[in-house]
Amino acid sequence: LIPWPKVDFAKFGPVERKERPRIKKISAANLHRNWVMIPHVTNHDDADITELEAFRVQMNKENEKAGIKLTMLGFLMKACVAALKKFPDFNSSLDGEELVLKSYYHIGFAADTPNGLMVPVIKDADKKGVVQIAQETAELAKKAREGKLSPAEMSGATFTISSLGGIGGRYFTPIINAPEVAILGVCKSQTEPVWDGKQFQPRLMLPLSLSWDHRVIDGASAARFNAYLGQILADFRRVLL
Ligand code: CAO
């Protein structure tokens, strides 16, 4: 590689120099290694969450007094666990020439904090309900923002979800959190006209972006993973099957 450009920025206008937070420096090194060492590919898809969102809103209305709030991220975690069970390669890691397939489902989620990006982990997401997952993500995200996450709360993830749904955007290419082999990026859902074979119907569509390690996973499996995830999100009864 040719050297990084060295520029005297002050020559062109006023500048300010800032020390970068420790978390940002650590995540920058990790992200760089992951981006350079993992052959990433990203598949984009949309999931019809019209019924799921209506159910979520209805449940939150019914449980308002109890202070229970179901989040889209909680449903996404459960849907991902179901997809990881169906496609075990996505819940694996490379170890030299071997693939390590994990029988536990610990789901990391990207949390935006003033000091940078942190990835707390929901342990055993397969054994927890959406209510418990929503409570735990809220607690962990709060701890992350306060800089109080312990190393144990940030380790052991088998798959990660990065949700920008509360912020906006359509699709993006999330960077895999090594030694995991895939990550799901989620953006903001919006109502779109969807052709039902006879006419356009207004449907709430959730943009999904799945990045995967091409050494372990191929495009056909990734397309199947996204399609399956889409089916579950469109009809959540499928997680029971
Ligand atoms: N589409 C549309 N709206 C969505 C949505 C989606 N996919 N996901 C969440 N929302 C809405 C919710 O309905 C909620 O609205 P109300 O307050 O009106 O109910 C609002 O956004 C907040 O949602 P939430 O409480 O469930 O929290 P969240 O899902 O936005 O996020 C967390 C929690 C921790 C993921 C978030 O705080 C965060 O840090 N996001 C950034 C992650 C990130 O930086 N990723 C990039 C990593 S790569 O650099």
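Here, the structure is the one placed above.
Since the structure is predicted, the reported quantities are computational estimates derived from the model, not experimental observations.

Novice: I'd like a description of unusual backbone geometry, backed by residues and values.
Specialist: Backbone torsion omega between Ala178 and Pro179 reads 5°, so that peptide bond is classified as cis. The backbone of Asp124 sits at a positive phi, close to 50°, despite the residue not being glycine. Residue position: Asp124 is located in the loop between β7 (121-122) and α4 (130-145).

Novice: Tell me about the environment of Val119, residues and numbers included.
Specialist: Within the secondary structure layout, Val119 lies in the loop between β6 (116-118) and β7. Residue classification places Val119 among the buried positions, given a relative accessible area of 19%. Discounting chain neighbours no more than four positions away, the residues touching Val119 are Gly108, Phe109, Ala110, Glu153, Met154, Thr160 and Asn177.

Novice: Could you give me a rundown of helix α2 (residues 50-62), with the residues and numbers involved?
Specialist: Between its first and last C-alpha atoms α2 spans 19 Å; for 13 residues at 1.5 Å apiece the expected length is 18 Å, and the two agree. Turning to α2, its buried residues number three or more, namely Leu52, Glu53, Arg56, Met59 and Asn60. In a view along the axis of α2, the buried residues occupy a sector of 125°, so they form one face of it. Pointing more than 90 degrees away from the buried face of α2 are the exposed residues Lys61 and Glu62. Those residues of α2 hidden inside the fold are in contact with α3 (72-86), β11 (200-213) and α5 (219-234).

Novice: If you had to explain the pattern of salt bridges to someone new, which residues and values would you point to?
Specialist: In the structure shown here, the tally under the stated rule is 12 salt bridges. For the salt bridge of Asp48 with Arg203, the shortest nitrogen-to-oxygen distance reads 2.7 Å. In this pair, Asp48 is assigned in strand β1 (residues 40-48) and Arg203 in strand β11, connecting sequence segments 155 residues apart. The salt bridge involving Lys148 is made with Glu146; its shortest N-O contact spans 3.7 Å. Residue classification places Lys148 among the exposed positions, given a relative accessible area of 55%. A single network of salt bridges, built from pairs that share partners, joins Asp48, Glu51 and Arg203.

Reading the values: the criteria
- Residues numbered from 1 in each chain as written.
- Predicted model: local features only at pLDDT ≥ 70, side-chain atom pairs only at ≥ 80, totals over all residues.
- Heavy atoms only, no water.
- Helix = DSSP H or I, 4+ residues; strand = E, 2+ residues; numbered from the N terminus.
- Buried < 20%, exposed > 50% of the residue type's maximum accessible area, 1.4 Å probe, protein only.
- Contact = heavy atoms within 4.5 Å.
- Expected span 1.5 Å × (residues − 1).
- Arc of directions from axis to C-beta.
- Salt bridge = Lys/Arg side-chain N within 4 Å of Asp/Glu carboxyl O.

Scope: geometric values only; no functional claims are made or implied.
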